[in-house]
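# Inside the fold
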Amino acid sequence: MPFAKATLKELREEIKKDRSAIRSACQALGERIGKKDSGIRAYISFDASRLEADIERLVREKNPAITEKPLFGIPVSLKDNLCTRGWETTCASRILKGYIPPYDATVVERLRANGAIIFGKCNMDEFAFGSSTESSCYGPTANPWDLSRVPGGSSGGSAACVAADEAIAALGSDTGGSIRQPASLCGVVGVKPTYGRVSRYGLIAFGSSLDQIGPLTKTVEDAAILTNVIAGHDPKDSTSANASVPDFTQACRPDVKGLRIGLPREYFVPGLDKEVETAVKKAAEKLASMGAIVTEISLPHTEYAVAVYYIVAVAEASSNLGRFDGVQYGYRYPANHLSDMYFETRDRGFGGEAKRRILLGTFVLSAGYYDAYYLQGQKVRTLIKRDFDHAFRQVDVILTPVSPTPAFKIGERTEDPLAMYLSDIFTIPMNLAGIPAISVPCGFSKENLPIGVQFAAKHFDEETMFRAAYAFEQSTDFHKKKAGV
Amino acid sequence: MAEYESVIGLEVHVQLKTRSKLFCGCPAEFGAEPNFNTCPVCLGLPGSLPVLNEQAFLYGIQIALALNCRVAERLKFDRKNYFYPDLPKAYQISQYDQPLSCGGHLLVDMKEGQRKIGITRAHMEEDAGKLLHEGRTGSVIDYNRAGVPLMEIVSEPDIRTPEEAYAYLTALKAILQYIGVSDCDMEKGSLRCDANVSIRLRGETKLGTKVEIKNLNSFNAVKRALQYEIARQTDAAVKGEAIYQETRLWNDEKEMTLTMRSKEEAHDYRYFPEPDLVPFTVSSDLVEDLREDLPELPAVRKERFVKDFGLSEYDASVLIQDKALGNFFEECVTAGAPPKRASNLIQSELLGMIYERGETFHTMKTTAVAVADLIRLVENGTVSGRGAKDVLAGMLETGNPAEDIVREKGLAQVSDESVIAEAAKKVIAANPKPVEDYKNGKEKSFAFLVGQMMRETKGKANPALANKVLRELLGKL
């Protein structure tokens, strides 16, 4: 079995048959990384001794309570903003280089408790600020389908390693599209669960009211398996919902008969790449041919989403990043005076995009501007939420493009932040509303670049989202095509 | 010359006596090894999140109710952003536009009568760590205090004199101790106070330019700093100099306030709603339950002491200031001591002795029941009032009952008439001149002769009996 290519589900079957598959899979991934990652640069760090110890322990594990766990022996890679005890966690920022958390994020605890092996930490935009993984202090990650192009972001490393068969599955975080957009650009599956579905404890915060952790996988079913493990109430996160978690793999059935699917007209506008539009519309037609009821709907406040997002997200970010001040951990510029230490540490520790967002966020919260920006932004956010509430009275699932274009060239948008911000125009509204959404491969451009389609559902209705995504995926072959790296 | 009045408002921070901190499970205790009581949450490590301590929330509501405040229908927290090394997240989780409670008041007893001081608001927030400056080698931080729950209680600018400010703080401290939510120990920092003060011409209704005073380490410092600041501002006003809006620090040694920062240097805290804590509805049933569960508050207790025990307003107000003191007094009365006598003994003797010994009602060796026994011995003439003081000292020293001390130290009053008559005869024989004066109608001489009798009996003679016997013998001369 070519282990590196395996899906999570396939590898699980192999491990059930033969425990040594755990070691074989990790070795195969290691070899693949050795050959390919110098060009892709999806990973930031590994912990070889810990990996070896984990493999050893799991291969010898006799306790059926552990060997029966859903992720027993499965290597999972993590975006480098998820805290791992004793393992450097940097957010791809100079200011956190050398920072070793004393605790595991709740999702990491859950992965381990369910038998998973933490395989490696993935590259990302610095503090998840970006849509291309170019703002990492470690340098950009390349798209496995075309090394001159970006993998998307900010979870670009997580998407690229799965697409390049350098990982079986990965976790990312999504504040405005940071899982779905790179999944789309790399031809893999990416899920942003409902806000509150997955504990954020141990996720280094960007926009606290928007952030959500989710899986990047090779198939929809793999994403459901991972979501099953990471979802659920966590007493350590007051925003995590005390809602029961159904078995999402049960929702993965190839049946969309009678499912009401809405296409918001505001998402099919000039600026949307023709090839993307065609692929997404074909996806809708495919589902209609399978018995879904496809209608056009309206989400009238869509045009304000990006503006609202860049008020709310940067406001929260500016506050969340205040703690990186050189006092307790991470990078510190040695200075004789406190204010010099603050200024120099933050000036040298943060990259350009981080500084831009801290400044924007500080500005919108400043006395005299708060009402005009932050408060107004929150009001419009409520209107955007209501758009979705209203739409979900008419339809079960909303189908949209993920990214306006396929993967763009490295460097193409770095000098134009606004163009970069618009990369997330179709994914941001779901974060503002807090609803779950998934990106699934739905085609390729003429240049053989992957295109994704997004399915969004009501709060805590990931089941319907998975159902639509799985049915579509199973009726197509896009997910089987491998990156040419 | 124009007459000025001062306008004072106080901001008091009290640490709540919860077992754990406001947003994590670390102990909130004082005095642990530096940075021992810390975790990722109170250290503000990346990725950590706050979870509200329910007990702190309940204490907060109790404080609000005891201060006659309206309790908010919704509990919402905000972030107050600023940089300082003792603030691990670079923001403090506090409450901004929707405080836990507002619109209350507090009654303060002054010689001139009762004053009602408005409470603008009382809100919950977390404490910061402690920065210790170690000379040239740099500064170190102890985060044990970071995240300890605080209530910030802000008064209306209703206070007019430094003495009123002192009385307000005393009354507030008593209330907080009565409901048992805080130690209110300024030395340990569990109660801190900043003062805002301005002056204006008497009769003026507009407020003057206010100055904030920080670094007030005792109620006394609050009083003295206000006295200094009012004099400084009045002096400036009289000279026609400007008073600037600023924050000043009280220097306890130099007995003066010094500029810390001007209005222009004030922080913009960039408050916004804390996204990590979901606002929730405060159940009105819960508030009503807590209201019913409130213990008797000092003001009510004072009225009861006056009404039920016949104490003076003054005596009652002294006894209720400290909950343990009030309890001690009541236990004495319950054990049979006449209220006024108990009040007198406690106020004139016991309080001073405890203070001198550096003890409290909790640490001292004797009990209220034992003190009631002592009062009984005074009542039945076994011990004189003068002797009671020595007995009490012995009780505090050893913890033994009054009877034992009386016996051991031979402090029993002499009520044997023949012994007293013997002493009286000796005194009369030894003091012919005063005796003569007394016979000639000089009452003062009688007091002198009684004094001589006490001396003769080493203070043990029953004073009433000594009086009686001496008068009889003198009358027979």
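Residues numbered from 1 in each chain as written. Chains lettered and ligands numbered in written order. Predicted model: local features only at pLDDT ≥ 70, side-chain atom pairs only at ≥ 80, totals over all residues.

### Considerations on the overall build of chain B
The helix and strand inventory of chain B stands at 15 helices and 16 strands. For 477 residues, the compact-globule estimate of 2.2 N^0.38 gives 23 Å, and chain B exceeds it by more than 25% at 29 Å. Principal-axis analysis of the C-alpha atoms places the extent of chain B at approximately 95 × 55 × 50 Å. Residues counted as buried form 40% of the 477 residues belonging to chain B. Within chain B, residue pairs in contact and separated by at least 24 positions form 68% of the contacts whose partners lie at least 6 positions apart. (Helix = DSSP H or I, 4+ residues; strand = E, 2+ residues; numbered from the N terminus. Rg over C-alpha atoms; globule rule 2.2 N^0.38 Å. Buried ≥ 20, exposed ≤ 12 C-beta atoms within 10 Å, placed from the backbone. Contact = placed C-beta atoms within 7 Å.)

### With respect to the environment of B:Asp78
All names here are of chain B. Along the polypeptide, Asp78 turns up in strand 4 (residues 78-81). On the basis of neighbour counts, which here come to 23 C-beta atoms within 10 Å, the residue Asp78 falls in the buried class. Sequence-wise, Asp78 and Glu125 are 47 residues apart; in three dimensions their C-alpha atoms are separated by 9.2 Å. Here Asp78 is in contact with Ser94, Gln95, Tyr96, Tyr271, Phe272, Pro273 and Glu274, once residues within four sequence places are set aside.

### Quick notes on the sheet that holds strand 5 (residues 91-94) of chain B
Read from one edge of the open sheet, three strands run 5-4-15 (chain B), paired in antiparallel fashion. Among the strands making up the open sheet, the edge pair consists of strand 5 and strand 15 (272-273) of chain B. (Pairing = 2+ DSSP bridges.)

### A word on the interface of chain A and chain B
Listed by partner, the interface residues are 32 residues for chain A and 25 residues for chain B. Looking at which element gives the most residues to the side of chain A that touches chain B, the answer is helix 11 (residues 305-320) of chain A, with three residues. Here the residues of the side of chain A that touches chain B sort into 16 nonpolar, 10 polar and six charged. (Nonpolar A, V, L, I, M, F, W, Y, C, P; charged D, E, K, R; others polar.)

### Considerations on helix 6 (residues 313-320) of chain B
Residue and element names in this part refer to chain B. Burial analysis of helix 6 places six of its eight residues in the buried class, the great majority of the element. For helix 6, the set of buried residues is Asp315, Ala316, Ser317, Val318, Leu319 and Ile320. Buried residues in helix 6 make contact with strand 6 (101-110), helix 2 (162-178), helix 5 (298-309), helix 7 (323-334) and helix 8 (339-357).

### Some points on the sheet that holds strand 2 (residues 70-71) of chain B
All names here are of chain B. Ordered by their spatial adjacency, nine strands build an open sheet running 2-6-7-10-1-11-12-13-14, and the pairing between neighbours is mixed. The outermost strands of the open sheet, each flanked by one partner alone, are strand 2 and strand 14 (256-262). Sheet topology places strand 1 (residues 4-15) next to strand 10 (residues 149-155); five bridges connect them, and they run antiparallel. Bridge pairing in strand 10 links Glu11 to Val154. Across the face of the sheet, helix 1 (residues 54-66) comes into contact with strand 2, strand 6, strand 7 (113-126) and strand 10 while running at roughly 160° to strand 7. (Axes fitted to C-alpha atoms, helices over the stretch in contact; angles between N-to-C directions.)

### Considering unusual backbone geometry
Each neighbour pair has its own omega, and for A:Gly153 with A:Ser154 the value is 10°, a cis peptide bond. Examined against the element boundaries, A:Ser154 turns out to sit in the loop between strand 3 (117-122) and helix 6 (156-163). One non-glycine residue, A:Ala128, lies in the positive phi region at around 70°. For A:Ala128, the position within the fold is in the loop between strand 3 and helix 6. Among the residues examined, A:Ala128 registers 31 C-beta atoms within 10 Å and is labelled buried. Within the chain, B:Asn68 stands out as a residue other than glycine whose phi angle is a positive 60°. Here B:Asn68 is to be found in the loop between helix 1 and strand 2. Of the residues examined, B:Asn68 has 16 C-beta atoms within 10 Å and is grouped as partly exposed.

### Some remarks on the nonpolar core
Core analysis: the biggest nonpolar cluster contains 158 residues, and A:Ala25, A:Val76, A:Ala170, A:Val397, A:Phe455, A:Met465 and A:Ala469 have the highest contact counts within it. If one sorts the elements of this core by residue count, helix 11 of chain A sits on top with 10 residues. The contacts of A:Ala170, once residues within four sequence positions are left out, are A:Val76, A:Ser77, A:Leu78, A:Cys122, A:Ser158, A:Cys161, A:Val162 and A:Leu216. Core analysis: the next-biggest nonpolar cluster, separate from the first, contains 105 residues, B:Phe57, B:Ala225, B:Leu350 and B:Ala402 among them. (Core = buried A, V, L, I, M, F, W, Y, C linked by C-beta atoms within 7 Å.)

### Structural notes on helix 12 (residues 338-349) of chain A
All names here are of chain A. A rise of 1.5 Å per residue sets the reference length of helix 12, with its 12 residues, at 16 Å; its end C-alpha atoms lie 16 Å apart and thus fit the reference within 8%. Buried within helix 12 we find Tyr342, Thr345, Arg346 and Gly349. Looking down the long axis of helix 12, one finds its buried residues gathered within 90° of arc, a one-sided arrangement. Exposed and facing more than 90 degrees away from the buried side of helix 12 are Ser339, Asp340 and Asp347. (Expected span 1.5 Å × (residues − 1). Arc of directions from axis to C-beta.)

### A short note on the packing of helix 14 (residues 443-456) of chain B against helix 15 (residues 463-476) of chain B
All names here are of chain B. Their axes nearest at 10 Å, the elements helix 14 and helix 15 cross at an angle of 120°. On the basis of the axis angle, helix 14 is oblique to helix 15. Seen from above, helix 14 lies across helix 15 with right-handed handedness. Taking contact as the criterion, the partners of Leu449, Val450 and Met453 in helix 14 are, on helix 15, Ala466, Asn467 and Leu470. Broken down by class, the residue content of the contact of helix 14 with helix 15 amounts to five nonpolar, one polar and no charged. (Parallel < 35°, antiparallel > 145°, perpendicular 65-115°, else oblique. Left-handed = near helix turned anticlockwise from the far one by under 90°.)

### What to know about the environment of B:Pro298
Secondary-structure assignment places B:Pro298 in helix 5. For B:Pro298, a count of 26 C-beta atoms within 10 Å puts it in the buried group.

### A closer look at the domain arrangement of chain B
Per the domain assignment, the segments making up chain B are domain 1 (11-161 + 170-198 + 261-288), domain 2 (296-409) and domain 3 (417-476). Between the C-alpha centres of domain 1 of chain B and domain 3 of chain B there is a distance of 65 Å. (Domains from an automatic or database assignment.)

### Considering the pairing of strand 13 (residues 246-251) of chain B
Residue and element names in this part refer to chain B. Where strand 12 (residues 211-216) lies against strand 13, four bridges are found, and the strand directions are parallel. Across the sheet, residue Lys214 finds its bridge partner in strand 13, namely Leu249. Handedness of the β-α-β unit built from strand 12, helix 3 (residues 219-238) and strand 13 comes out left-handed. Strand direction decides the pairing type here: strand 13 and strand 14, joined by six bridges, are antiparallel. Paired with Thr247 across the strands is Arg261, a residue of strand 14. Taking the residues between adjacent antiparallel strands as the criterion, strand 13 and strand 14 are bridged by four residues, where Glu255 takes a positive phi near 55°. (Right-handed = clockwise from strand over helix to strand, strands pointing away.)

### Regarding the pairing of strand 4 (residues 169-174) of chain A
Residue and element names in this part refer to chain A. Most of strand 4 is tucked away: six of the six residues are buried. Of the two faces of strand 4, the one holding Ala169, Leu171 and Ser173 and the one holding Ala170, Gly172 and Asp174 are both buried throughout. As paired elements, strand 2 (residues 75-79) and strand 4 share three bridges and run parallel to each other. Across the sheet, residue Ser77 finds its bridge partner in strand 4, namely Ala170. Pairing geometry for strand 4 and strand 6 (residues 212-217), over five bridges, is antiparallel. Among the inter-strand pairings, Asp174 is bridged to a residue of strand 6, identified as Gln212.

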